[in-house]
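# Observations on the model geometry
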Amino acid sequence: MKSRNTGPRKVFLGGNTSRGFYSFYDQVVNPMEANRIFVLKGGPGMGKSTFMQKIGEAMSAQGYHIEYCCCSSDNDSLDGVHIPEIGIVLLDGTAPHIVDPKNPGAFDEIINLGEYWNEKGLRPLKEAIIELNKEIKGLFQRAYGYLAQARILKDEVESYYTDSKALDITGLNALARGLERLLLNNARTYLSHRERHLFASGITPNGTVNYLESIFAPLEQRYILRGPAGSGKATIVQKLYQAAVNKGITVEAFHCSLRPEEIEHLVFPDLKIGVITGTPPHLFRASPGDIILDTGEFVNYSRLEPFKEDIGEADRRYVEALGRAVSFISRAKARHDELEAYYTPNMDFDGVNKCREKILKRILDYAGE
């Protein structure tokens, strides 16, 4: 099946999760495939996101495919830009995703935008900046507390399926084995296969946001797993992931934004195949040619009937806890915007723009343009 989308790809490198801020920053690029990693340092409101966005747009205009790494704490900002064809990465290296060069000079380096701030103008704002940073930290801590509650409630809902023996485990295992044979048995394997771990979705100030369309629409074949929470979708995805790793097949694993150790979606880049967990909050619009597999077919719902009220209450409280978490993340963003308002008037953006043009020229040199 032909792809539907040739636009930029969007992913999350980090996320607000039940385990706090969870980072896959080290997964943005394989060091052996990197020409240059530019790590941007500096405070809020210094133009790091705009710096990366404009370079991404300039390279896109040159015909390069761009992967935008979006910020889960600010939907309008970027955490990074990846240009895979030439091995170039730009990253925001400030808290909470602190990044420092691991091989300074060899292929990664720091760009310090702090060189362009007006220290004299910021000095009188010291106490206000400290207080805002303290408040933002507290708001995120409360958000993570509610996300931990949401996880417990989601786990409770799923436990009823296993505890009541409502799942046809034999049937689910047969489905997983069939998918493995269909997708992976004839795939070419490599001793130097690659794994890459990312987020396709994020818990953001605007609620749960996903970029499934940008990731999966360009693929030639998609398998969409649907079914209620607890019906075995994650188990099937995990089995496929492990089979790919064991067979030496390159795979991208996209993790759950609430339970970051759990894999929800898979992309096999060499095969141009994707496996999607297509249930709320990350629904994926199927198109002709997509194969939909419903794990609900392996559920004996009569065995869940005695727990119907308990499941409904846990679901209600889960939605409530997730909503509370989003409200605190939204409040943290509002305070962060206030923080940016202190820095922005005290920045030499002409200097930042000149710096960006120099970096863009170097990137074009790497590309041979």
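Scroll up a little and you will see the structure.
The present account deals with the structure reproduced in this document. (Residues numbered from 1 in each chain as written. Predicted model: local features only at pLDDT ≥ 70, side-chain atom pairs only at ≥ 80, totals over all residues. Heavy atoms only, no water.)

A few words on the overall build of the protein chain. For the protein chain, the helix and strand inventory stands at eight helices and 16 strands. For a compact globule of 369 residues, the expected C-alpha radius of gyration is about 21 Å, and the protein chain comes in at 22 Å, within 12% of that figure. Projected onto its principal axes, the C-alpha positions of the protein chain cover 70 × 45 × 35 Å. When each of the 369 residues of the protein chain is scored for burial, the buried share is 51%. The long-range fraction of contacts in the protein chain, counting pairs at least 24 apart against all pairs at least 6 apart in sequence, stands at 80%. Here the protein chain displays about 17600 Å² of accessible surface, and carbon together with sulfur accounts for 50% of that area. Charged side chains in the protein chain number 45 positive and 48 negative. The centres of these two groups are separated by 1 Å. (Helix = DSSP H or I, 4+ residues; strand = E, 2+ residues; numbered from the N terminus. Rg over C-alpha atoms; globule rule 2.2 N^0.38 Å. Buried < 20%, exposed > 50% of the residue type's maximum accessible area, 1.4 Å probe, protein only. Contact = heavy atoms within 4.5 Å. Areas by Shrake-Rupley, 256 points an atom, 1.4 Å probe, with all protein chains shown as cover. Lys, Arg positive; Asp, Glu negative; His and termini not counted. Charge placed at Lys NZ, Arg CZ, Asp CG, Glu CD.)

Turning our attention to the nonpolar core. Counting 56 residues, the largest nonpolar core has Phe51, Met59, Ile83, Leu90, Ile359 and Ile363 as the members making the most contacts within it. Secondary structure elements with two or more residues in this core: β4 (36-41), α1 (48-61), β5 (67-70), β6 (78-83), β7 (88-92), α3 (126-163), α7 (308-343) and α8 (349-367). The contacts of Leu90, once residues within four sequence positions are left out, are Phe38, Leu40, Phe51, Met52, Ile55, Asp79, Gly80, Val81, Ile359 and Ile363. Among the nonpolar cores identified, the runner-up in size contains 35 residues, and Leu184, Ala244, Ile273 and Ile311 belong to it. (Core = buried A, V, L, I, M, F, W, Y, C linked by side-chain atoms within 4.5 Å.)

Now for the packing of aromatic side chains. Under the criterion given, the structure shown has ten aromatic pairs. Centroid distance Tyr146 to Phe328: 5.8 Å. Interplanar angle 15°. Geometry classified as stacked. One end of the pair, Tyr146, is in helix α3; the other, Phe328, is in helix α7, with 182 residues separating them in the sequence. Phe328 sits in the buried class, given a relative accessible area of 6%. One aromatic cluster in this structure is built from Tyr22, Phe24 and Phe199. (Phe/Tyr/Trp six-rings, centres within 6.5 Å; stacked < 30°, edge-to-face > 60°.)

Here we take up unusual backbone geometry. With phi around 55°, Lys165 is a residue other than glycine that occupies positive phi space. One can find Lys165 in the loop between α3 and α4 (169-184).

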